[in-house]
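Understanding the architecture of this molecule
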Amino acid sequence: MSEAEFKQSVPSAFDVPRHVAIIMDGNGRWAAARGLPRVEGHRRGVEALRRTIRAAGEIGIKIVTIFSFSAENWSRPANEVGELMGLLRRFIRNDLAELHKSNVRVRVIGERAGLEADIERLLVEAEELTKTNHGLTLVVAFNYGARQEIVRAVRSIAAAVKQGDLNVADIDMHMFAGFLDAPDIPDPDLIIRTSGEQRLSNFLLWQAAYSELVFVPTYWPDFDRATLEGAIREYRQRERRFGGLVAQTGS
Ligand code: FPP
């Protein structure tokens, strides 16, 4: 579909999801299908990521969250973990200036403790450099697990109660969400998982309460603007009711 046709098929900006979160799955299978090492799938996955960030900005999506390294990914073979760390380093070193020029604001969620010092510095640098940008927000979930994020929030709340800064009776959903890793980021309207797997795998469990889930068979390295547009079309056909009766479209 051409850009003009796609725009024409969008009744209003209201129908474009404000926040799209993506589980970038299938890099290993993409590589295996071509007789290539798994790491080659991850490398090609970075190219798909670049394409997706560009397309999302053009389509009018405001926030993209990517699951780039899960808290559970440490259990992979050391060379694959090393390659994923290397890809993050190279992505920030090579692409940060370009992202900044394109007005992208980078945010990072996940556990910082336990990361190598230079990786932590790069993540902080990316957030600092781009913090006043007002284009697309790219939320990088790195060393991220949703249950771990919830436990971190519970610990902070318990510490505040113990300090006498918070009353147990004042804890509600809104306050709880304020203790999560990026409380100012609205919940995802749409979560896309590639590769045909149909589960959330410990991604944004709290924030996904009312998200529409779209599963596409495409392996992540093949993901492109057309796949993203297809997922958005499916999203538009869903009725979002947020537990009520009145149908709503978009966010
Ligand atoms: C899942 O594929 C993907 C990952 C575990 C990592 C995602 C990482 C990238 C797309 C590139 C890195 C990007 C940055 C910014 C660091 P899989 O290996 O689980 O695939 P499989 O299920 O086919 O084995």
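Our subject in this report is the structure included herewith. (Residues numbered from 1 in each chain as written. Predicted model: local features only at pLDDT ≥ 70, side-chain atom pairs only at ≥ 80, totals over all residues. Heavy atoms only, no water.)

**Regarding helix α4 (residues 78–101)**
We apply this condition: Helical segments are the DSSP runs of H or I of at least four residues, strand segments are the runs of E of at least two, and each set is numbered from the N terminus. One less than the residue count of a helix, multiplied by 1.5 Å, gives the span that helix is expected to have. Working definition for bend: take the seven residues up to and ending at a residue and the seven starting at it, fit an axis to each, and measure the angle between the axes.
For α4, spanning 24 residues, the distance from its first C-alpha to its last is 35 Å, which sits close to the expected 34 Å at 1.5 Å a residue. At Asp95, α4 is deflected by roughly 50 degrees, the largest bend along its length.

**Quick look at the environment of Gly196**
Which entries qualify depends on this criterion: Working rule for contacts: check all heavy atoms of both residues, and any pair within 4.5 Å makes them a contact.
Relative to the elements of secondary structure, Gly196 occurs in the loop between β5 (190–193) and β6 (212–215). Between the alpha carbons of Gly196 and Glu83 there is a distance of 24 Å; along the sequence they are 113 residues apart. Excluding residues within four positions of it along the chain, Gly196 makes contact with Val216 and Pro217.

**Regarding the sheet that holds β6**
Heads up, the rule is: In short, DSSP must find at least two bridges between two strands for them to pair. Working convention: axes come from line fits to C-alpha atoms, limited for helices to the stretch in contact. Angles between N-to-C directions cover 0 to 180 degrees.
If you walk across this open sheet you meet the six strands as β3-β4-β2-β1-β5-β6, and the pairing is parallel. Both outer strands of the open sheet, β3 (105–109) and β6, are each paired with one neighbouring strand and no more. This sheet shows a mean twist of 20 degrees between the axes of neighbouring strands, independent of strand direction. Relative to β6, β5 runs parallel, the two sharing four bridges. Pairing of Leu190 across the sheet is with Glu212, part of β6.

**Overview of the site of the ligand**
For the record, the criterion: Proximity is defined per residue: any heavy atom of the residue falling within 4 Å of a molecule or strand makes that residue near it. Here a polar contact is recorded for every N or O atom pair within 3.5 Å, except that within protein the pair must consist of a potential hydrogen donor and a potential acceptor, and residues adjacent in sequence are included only if both atoms are side-chain atoms. In this description, accessible areas are obtained by the Shrake-Rupley approach with a 1.4 Å probe, and a residue is regarded as covered only by the protein chains that are shown. Asp, Glu, Lys and Arg are counted as charged, while Ala, Val, Leu, Ile, Met, Phe, Trp, Tyr, Cys and Pro are counted as nonpolar; the rest, among them Gly, fall into the polar class.
Around the ligand sit 17 residues in total, of which Met24, Gly28, Arg29, Arg38 and Arg76 are the nearest. Within the contact set of the ligand, an oxygen atom lies 2.8 Å away from a side-chain nitrogen or oxygen of Arg38. Arg76 is positioned with one of its side-chain polar atoms (N or O) 2.8 Å from an oxygen atom of the ligand. When isolated, the ligand has an accessible area of 620 Å², and the protein chains bury 92% of it. Grouping the constituent residues of the shell around the ligand by class yields seven nonpolar, six polar and four charged.

**Some details on the packing of aromatic side chains**
Counted only if it meets this: Stacked, tilted and edge-to-face are the three classes assigned to paired rings of Phe, Tyr and Trp, where Trp is represented by its six-membered ring and a pair needs centres within 6.5 Å; plane angles under 30 degrees give stacked, over 60 edge-to-face, the rest tilted. Residue burial is assigned from relative accessible area. The probe radius is 1.4 Å, only protein chains are included, and a residue is buried under 20% of its type maximum, exposed over 50%, and partly exposed in between.
With the rule as written, the count across this model stands at eight aromatic pairs. Note on Phe67 and Tyr144: the rings are 5.9 Å apart at their centroids and 80 degrees apart in plane angle, and the pair reads as edge-to-face. With Phe67 in strand β2 (residues 63–70) and Tyr144 in strand β4 (residues 137–144), this residue pair connects regions lying 77 residues apart in the sequence. Residue classification places Phe67 among the buried residues on the basis of a relative accessible area of 10%. Look at Phe67 and Phe203: their rings are 4.5 Å apart centre to centre, the planes differ by 15 degrees, and that puts the pair in the stacked class. Within this pair, whereas Phe67 is found in strand β2, its partner Phe203 is found in the loop between β5 and β6, the two being separated by 136 residues in sequence.

**Here's the deal with the environment of Glu83**
Mapped onto the elements of the fold, Glu83 is located in helix α4. Sequence spacing of Glu83 and Ala21 is 62 residues, and the spatial spacing of their C-alpha atoms is 23 Å. With near-sequence residues (within four places) excluded, Glu83 lies in contact with Val39, Arg43 and Arg90.

These figures capture arrangement, not role.
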